[in-house]
Amino acid sequence: MFHNKRFLTSTMLWAVVGASLSSAAYAQSASPVETGRANAPDQKPAFEGQTRAPQATAQPDVETSVVADGLPHLWSMEFLPDGRIIVAAKEGAMHIVADGKAGAAIDGVPDVASDGQGGLLDIALAPDFETSRTIFFSFSEPRDGGNGTSVASAKLSEDGGTAKLENVNVIFRQMPTYDGDKHFGSRLVFGPDNALYVTVGERSDATPRVQAQDLSSGLGKVFRIDTEGKAFEGNPFASQKNALPEIWSYGHRNLQAAALDGQGRLWTVEHGPKGGDELNMPKAGLNYGWPVITYGVEYSGRAVGEGATSKDGMEQPAYYWDPVIGPSGMVYYDAEQIPEWKGAFIVGGLVSQGLVILKIDGDKVATENRLPLDARIRDVKVGPDGAVYAVTEQRGGGNSQILRIAKSS
């Protein structure tokens, strides 16, 4: 069983506990962790284990501590090389967290459209951050006629305890602009050869969401760009007429979780409709179906479109959840501190209010376990000490915490 123990500390403990992965970590229990009633009970998975995978029986005793409290409503976090944490607050501020406290707001952050699901979104350090001090961040950008998800680069400068962004440059804009406040995405992940994957949403409403199937539109896509915002060399639609060259994959709903696995492959988890959250390993040029096919139903309970879950030329998710977990934030665990989780994806759950631990076998989910945290989880990272760190949020605003999850001593 998981052991949860909460206590407040003002400093982060960087102690690495060495251990090796036991084969027992893959031992399975026949019963899935999810036992709730499905929203679409008549829908059947396309293959065994596509949903409600068995639990892994060997799970660690862990303890949870609060390493930072009273933070603004956060959306993301990223560890700096010295162990401090840079965070993005939904309302549009960045801070550096050290010794359990958030420093002053970093100057130079551009204006954001923070209504609804909008705001300052993800942060990623450039691969050469230690020498360049360059960061990348995504945000809901106010525009003439509405807003949209954009990506900017900047140099993080620090002097005398104050920090600011210099040379801020918006390198990429999801188009078209739309006047709405939902489904912006977005996660930023650097892949092999410094390719930057950018995940976005399809803006939710019935009129724009169908553009997830339109290669001339930037809604509902995964993009692969370079650090200047240009289409990365070898992208699948670079030479196709009436297609955006930055697109990597399409037919997505609202992608708020993304990470590379141990082989450098991109995996994503997106918010589906009611009963349709899904895990994918997006591949070049492939169509992941939304809104033509999906598991789950509309929030009203009606079928999505024709109610189809499969169609020729459209990919099946590697895994789906019904009921949903509300995914946000994701990390691949390759550290030694919690050996039972080594080789697993750890996904934050807004609805499930904790961590979802997925062991992968090839390109399928082998086991699913959960760690309840009694809080909505917005982002997940692995710290320099090998512990897992999770950002909490209060629904509709309020303060956030950063939690540290480590193996019990």
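Cut-off values and rules
Residues numbered from 1 in each chain as written. Predicted model: local features only at pLDDT ≥ 70, side-chain atom pairs only at ≥ 80, totals over all residues. Heavy atoms only, no water. pLDDT = per-residue confidence, 0-100. Contact = heavy atoms within 4.5 Å. Helix = DSSP H or I, 4+ residues; strand = E, 2+ residues; numbered from the N terminus. Pairing = 2+ DSSP bridges. Axes fitted to C-alpha atoms, helices over the stretch in contact; angles between N-to-C directions. Buried < 20%, exposed > 50% of the residue type's maximum accessible area, 1.4 Å probe, protein only. Lys, Arg positive; Asp, Glu negative; His and termini not counted. Salt bridge = Lys/Arg side-chain N within 4 Å of Asp/Glu carboxyl O.

**Some points on the confidence of the model for the chain**
Detailed reading of the predicted coordinates is not advisable wherever pLDDT is low.
Step number 1: Averaged over all residues, the pLDDT of the chain is 93; the fraction at 70 or higher stands at 94%.
Step number 2: The low-confidence segment residues 1–25 (pLDDT under 50) makes 69 contacts with residues lying over four places distant or belonging to another chain.

**A short note on the side chain of Arg376**
Step number 1: Checked against the element boundaries, Arg376 lands in strand E24 (residues 376–382).
Step number 2: Leave out the neighbours within four places in its chain, and Arg376 touches Gly349, Leu350, Gln353, Val391, Thr392, Glu393 and Arg395.

**Examining the sheet that holds strand E3 (residues 62–71)**
Strands pair in a sheet through their backbones, by hydrogen bonds, and they do so in one of two ways: parallel or antiparallel.
Step number 1: Ordered by their spatial adjacency, four strands build an open sheet running E3-E26-E25-E24, and the pairing between neighbours is antiparallel. What marks the edges here is a single partner per strand, and that holds for E3 and E24. Recorded for the sheet is a direction-independent mean angle of 25° between the axes of neighbouring strands.
Step number 2: The pairing of strand E25 (residues 388–393) with strand E26 (residues 400–407) spans four bridges and is antiparallel. From the neighbouring strand, Tyr389 faces E26, where its bridge partner is Arg404.

**Examining the pairing of strand E4 (residues 74–79)**
Step number 1: Most of E4 sits out of view: six of its six residues are buried.
Step number 2: The pairing of E4 with strand E5 (residues 85–89) spans five bridges and is classified as antiparallel. Among the inter-strand pairings, Glu78 is bridged to a residue of E5, identified as Ile86.
Step number 3: Between E4 and E5, which pair antiparallel in sequence order, lie five residues; one of them, Gly83, sits at a positive phi of approximately 95°.

**A short note on the sheet that holds strand E21 (residues 344–349)**
Step number 1: One open sheet holds the four strands; their spatial order is E20-E21-E22-E23, and the pairing between them is antiparallel. Of all the strands in the sheet, just strand E20 (327–333) and strand E23 (364–372) have a single pairing partner and so form its edges. Averaged over all pairs of adjacent strands, the angle between strand axes in this sheet comes to 25°, irrespective of strand direction.
Step number 2: The pairing of E21 with strand E22 (residues 354–361) spans six bridges and is antiparallel. Within the sheet, the bridge partner assigned to Ala344 lies in E22 and is Lys359.

**Structural notes on the side chain of Glu78**
Step number 1: Along the chain, the position of Glu78 falls in strand E4.
Step number 2: It turns out Glu78 is buried and unbridged, and the closest side chain with the opposite charge, Lys381, is 4.4 Å from it.
Step number 3: Not counting the four nearest positions on each side in its chain, Glu78 is found in contact with Arg84, Ile85, Ile86, Ile123, Ala124, Leu125 and Lys381.

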